[in-house]
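Chain and residue survey
Below, each chain spelled out in residue letters.
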Protein chains: 2
Amino acid sequence: MLSKKTQYAFRALSYLGKQDTKKPVLISEIAREANVPKKFLETILLDLKKIGILNSKMGKGGGYYLLRNSEEITLAEIIRMFNGPIALLPCVSLNYYEPCDECKNGSGCGLNGVMSEVRDVTLNILENKSVRDII
Amino acid sequence: MLSKKTQYAFRALSYLGKQDTKKPVLISEIAREANVPKKFLETILLDLKKIGILNSKMGKGGGYYLLRNSEEITLAEIIRMFNGPIALLPCVSLNYYEPCDECKNGSGCGLNGVMSEVRDVTLNILENKSVRDII
DNA sequence: ATATAATCCATCTATTTAATAGATTATAAG
DNA sequence: CTTATAATCTATTAAATAGATGGATTATAT
């Protein structure tokens, strides 16, 4: 399941994506409108800024705004950022790969095949859907 | 990601599925061969017994054995038992459904559509693969 | 200089995960 | 009917993670 944090990130991005201008939006406005605890939201927005999805401005007239277009932000990257690996096992993860005990000595563990399949079909959706699609 | 407990359950079931007879197998043997902490394994086997996948015998000559054939135990049911919901959001879960804030007032949240898709393709694999397939 | 708003730092509770220790009950076999 | 065996029950514990908040600090527009 996706963590609250991940869901909050989606709500915030969704709200920002709905704005017709790219003018900065207050954290407090996002918190209120997207229904996310303000303090918690702060850390989320900061993370999104770090990876270049958002930018911010301090002081009067400040706030957060999208740096990339909403159709260019995939659901997969947001989930990876806030929820961790998308794969069900480390040994089939593309971005967080680690061999399991059985994988180490042989041609992969029993679950390897199935879980790779699951990963592929999941990624096929999540890499091709964007924030635009959830607005 | 699947929890250790879930992975242990798969290893234990896999080991039991490999036996050619249906004679009881000692917890300690399963623990050793499947590489699972014995005490932890006890609770896992007990759970598997409760839902009718395994049965056990106490005393000398006792142990655990499969009650259903390995090809009739789906990966999905084991994951649900030990890992919880397979869906990424409560509002698209078939077995653990709960509406989210946005779902309550309207025709579903933005993520609903995509996450239903993900659930469907995932379940399509996990409901149709069995313990037999991971041996 | 001042009000504004993001940023930083620190802490906190509850829950979940993973695991272990020891007592108890059921069973087979002599 | 006693003994060894092996599952079952009760309980506790350490560590990690999730979710959240309070208050001080820094940057910016006017």
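Regarding the confidence of the model for chain A
For chain A, the mean per-residue pLDDT works out to 94, and 96% of the residues sit at or above 70. By mean pLDDT, the top-scoring element of chain A is strand E2 (residues 63-66) of chain A (98), and the lowest-scoring one is helix H5 (residues 101-104) of chain A (72).

Overview of the protein's contact with DNA strand C
Residues in contact with DNA strand C amount to 25 residues; listed here are only the nearest, Lys49, Ser56 and Tyr64 of chain A together with Tyr8 and Lys39 of chain B. Within 4 Å of the protein, the contacting atoms of DNA strand C are drawn from sugar and phosphate to the extent of 69%. Side-chain polar atom of Lys49 of chain A to a phosphate oxygen of DNA strand C: 2.6 Å apart, as the coordinates give it. Mapped by element, the contributors of at least two residues to the surface near DNA strand C are helix H3 (38-50), strand E1 (54-57) and E2 of chain A together with helix H1 (4-18) and helix H3 (38-50) of chain B. Here the element with the most residues in the surface near DNA strand C is H3 of chain A; it accounts for four residues. Residues that form the surface near DNA strand C fall into these classes: ten nonpolar, five polar and ten charged.

Side note on the protein's contact with DNA strand D
Around DNA strand D, the surrounding shell holds 25 residues, and the nearest of these are Tyr8 and Lys39 of chain A together with Lys49, Ser56 and Tyr64 of chain B. Restricting the count to atoms of DNA strand D within 4 Å of the protein gives a sugar and phosphate share of 66%. In the environment of DNA strand D, a phosphate oxygen lies 3.0 Å from a nitrogen or oxygen atom belonging to the backbone of Ile27 of chain B. Only helix H1 (4-18) and H3 of chain A together with H3, strand E1 (54-57) and strand E2 (63-66) of chain B provide two or more residues apiece to the surface near DNA strand D. With four residues, H3 of chain B is the single largest residue contributor to the surface near DNA strand D. Broken down by class, the residue content of the surface near DNA strand D amounts to ten nonpolar, five polar and ten charged.

Overview of the interface of chain B and chain A
Bring the parts together and some accessible area is lost; that lost area is often taken as the interface size. At the interface, 27 residues of chain B touch 27 residues of chain A. Interface area for chain B against chain A, summed over the two sides, is near 2500 Å², with a carbon-plus-sulfur share of 75%. When the area that chain B buries against chain A is broken down by residue, the three leading residues are Met1, Leu88 and Ile125 of chain B, summing to 23%. On the surface where chain B and chain A come into contact, there are two residue pairs in polar contact (both at pLDDT 80 or more). Of all the secondary structure elements, the ones that give two or more residues to the side of chain B that touches chain A are H1, helix H4 (75-83), helix H5 (101-104) and helix H6 (112-126) of chain B. In terms of residues, the side of chain B that touches chain A owes the most to one element, H6 of chain B, which gives eight residues. The class makeup of the residues in the side of chain B that touches chain A is 18 nonpolar, four polar and five charged.

What counts and how
- Residues numbered from 1 in each chain as written.
- Chains lettered and ligands numbered in written order.
- Predicted model: local features only at pLDDT ≥ 70, side-chain atom pairs only at ≥ 80, totals over all residues.
- Heavy atoms only, no water.
- pLDDT = per-residue confidence, 0-100.
- Helix = DSSP H or I, 4+ residues; strand = E, 2+ residues; numbered from the N terminus.
- Near = heavy atom within 4 Å.
- Polar contact = N/O pair within 3.5 Å; in protein donor to acceptor, adjacent residues only side chain to side chain.
- Nonpolar A, V, L, I, M, F, W, Y, C, P; charged D, E, K, R; others polar.
- Contact = heavy atoms within 4.5 Å.
- Buried area = accessible area lost by both parts, 1.4 Å probe.

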